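Notes for the structure review
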Amino acid sequence: AVAAGLLGGSQPEPVGLPAARGGALLVSSVAAEVASLLERAMEDAGSCANPVLAPKLVEAVSDVSLLWAHLPALLLRKELCSAAHHVASYFNDTTHVVWTVARLACRQHGLARRCGKAAELAAQAGRLSGAALSHMEGQVAGRAEELELLLRGGGIFRGTHKANRDARAREALSDAKGKLTRLAGTWKSVLQPEHFARFFGAVLEAACVSVYDEVTSADDISVAETEALPGILLVLVGDGLGPFLDRRSPGQPEGPRSGDFLAPLLLERAPSFRKLAELVPMFTMGLQEIEEEWRAGRFGGALTADEVCHFIAKVFEESPLRREKVGAILGRGG
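It should be emphasised that the depicted structure is a prediction, and the values quoted were computed from it without experimental measurement.

**Observations regarding the packing of helix 8 (residues 163-188) against helix 9 (residues 193-216)**
Taken N-terminus to C-terminus, the directions of helix 8 and helix 9 make an angle of 175°; their axes are 10 Å apart at the nearest point. Relative to helix 9, helix 8 is oriented roughly antiparallel. From helix 8, Leu173, Leu180, Leu183, Ala184, Trp187 and Lys188 reach across to helix 9, where they touch Phe196, Phe199, Phe200, Val203, Leu204, Ala207 and Val211. Residue composition of the contact of helix 8 with helix 9, by class: 12 nonpolar, no polar and 1 charged.

And the structure:
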């Protein structure tokens, strides 16, 4: 019945659960019913005078938890490996069941101990949590790998002052942004804000790290390339995080500035997005301006002193002035 309900795409309903960063957990009616079943079984066990039946009811709670951890994953393996929405829904549903089992194990600890099931219930909560995380982390890894294959290798950001290379780099970043935007729209409508920031942030970070590494790993960056690269990078970062935050998360505060609630959470998980954004104006700066911006703290904490100096080494030729500015930024000079 559980598997049939999940395969049938039962309608989700919001269930309020405590969360560190707020938001509601959106779960299917199947998960809500399973959680209710577990609660009723423990209540019946607590009020049961039959010394044989009470342990059986507690054992049933453990068995149903085990079934949930394995049966949906087995029957939905194909969907879980391919559909972002299925994975996120399974994560929410399983998280709800985990909270239910953990709450029952705590509230009915004495009963569980008398029945010899306290440790087993705690273990089942751990297995459930692991099942939910493994599928989400598998999705994250798969999406990140897809973007890394698109953005890494082949010198995609080399020679971008040439029209054909410029077009190739822009197309790759546009494709990557499209994939990220679609994934964000899917996960954001299902996952509560903190979970969305955690999982989507990991995918966004992988994409941004790929671009940052490819751009800054060149032996040197020519003057012509410094003129082309800012416009290319703006394809990905020019609109900020807005394209990824258009849809609402369950429990997200309402209002025109509701995106401000999620942006800091997402940037915690994807700091390299800010690094790329900071690279854009740096390509147009001279050595003196870069040092002044660094001293004034206008790089927003996204780039370290070593990263700024690495950028300088790639863009500016060796000279006494370059050595002076690198030394100043690293704190070895005036």
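**A word on the pattern of salt bridges**
Here the structure, examined in full by the defined rule, presents 13 salt bridges. Between Glu146 and Lys179 there is a salt bridge, and its shortest N-O distance comes to 3.1 Å. In this pair, Glu146 is assigned in helix 7 (residues 118-151) and Lys179 in helix 8, connecting sequence segments 33 residues apart. For Asp166, the salt bridge goes to Arg170, with nearest N and O atoms at 2.7 Å. Taken together, the residues span about one helical turn, with Asp166 and Arg170 both in helix 8 at a distance of 4 residues. When salt bridges with common partners are traced through the structure, they connect Glu291, Arg295, Glu324 and Lys325 into a single cluster.

**A short note on helix 15 (residues 320-329)**
For helix 15, the full list of buried residues reads Arg322, Lys325, Val326, Gly327, Ala328 and Ile329. Packed against the buried residues of helix 15 are helix 13 (287-295) and helix 14 (305-315). Gly331 occupies a position one or two residues after helix 15 and carries a positive phi of about 85°.

**Quick notes on the packing of aromatic side chains**
Centre distance and the angle of the planes are the two values used to describe a pair of aromatic rings. Overall, the coordinates contain 5 aromatic pairs when judged by the stated rule. The interplanar angle of 80° and the centroid separation of 5.1 Å between the aromatic rings of Phe91 and Phe199 together place this pair among those described as edge-to-face. With a gap of 108 residues between them, Phe91 in helix 5 (residues 84-107) and Phe199 in helix 9 connect regions that are remote in the sequence. Accessibility assignment for this pair places Phe91 and Phe199 in one class, buried. Aromatic side chains Phe200 and Phe244 sit 5.5 Å apart centroid to centroid with 55° between the ring planes, which places their arrangement in the tilted category. Of this pair, Phe200 sits in helix 9 while Phe244 sits in the loop between helix 10 (223-237) and helix 11 (259-269), placing them 44 residues apart in sequence.

**Notes on the nonpolar core**
In terms of nonpolar packing, the biggest core is built from 67 residues, with Trp187, Phe200 and Leu204 touching the most fellow members. Top element by residues in this core is helix 9. It accounts for 11 residues. Contacts of Leu204, omitting those with residues within four sequence positions, involve Leu180, Leu241, Phe244, Leu266, Ala270 and Phe273. Ranked by size, the runner-up nonpolar core spans 27 residues in total, among them Leu111, Cys115, Ala125 and Ala131.

About the criteria used
Residues numbered from 1 in each chain as written. Predicted model: local features only at pLDDT ≥ 70, side-chain atom pairs only at ≥ 80, totals over all residues. Heavy atoms only, no water. Axes fitted to C-alpha atoms, helices over the stretch in contact; angles between N-to-C directions. Helix = DSSP H or I, 4+ residues; strand = E, 2+ residues; numbered from the N terminus. Parallel < 35°, antiparallel > 145°, perpendicular 65-115°, else oblique. Contact = heavy atoms within 4.5 Å. Nonpolar A, V, L, I, M, F, W, Y, C, P; charged D, E, K, R; others polar. Salt bridge = Lys/Arg side-chain N within 4 Å of Asp/Glu carboxyl O. Buried < 20%, exposed > 50% of the residue type's maximum accessible area, 1.4 Å probe, protein only. Phe/Tyr/Trp six-rings, centres within 6.5 Å; stacked < 30°, edge-to-face > 60°. Core = buried A, V, L, I, M, F, W, Y, C linked by side-chain atoms within 4.5 Å.

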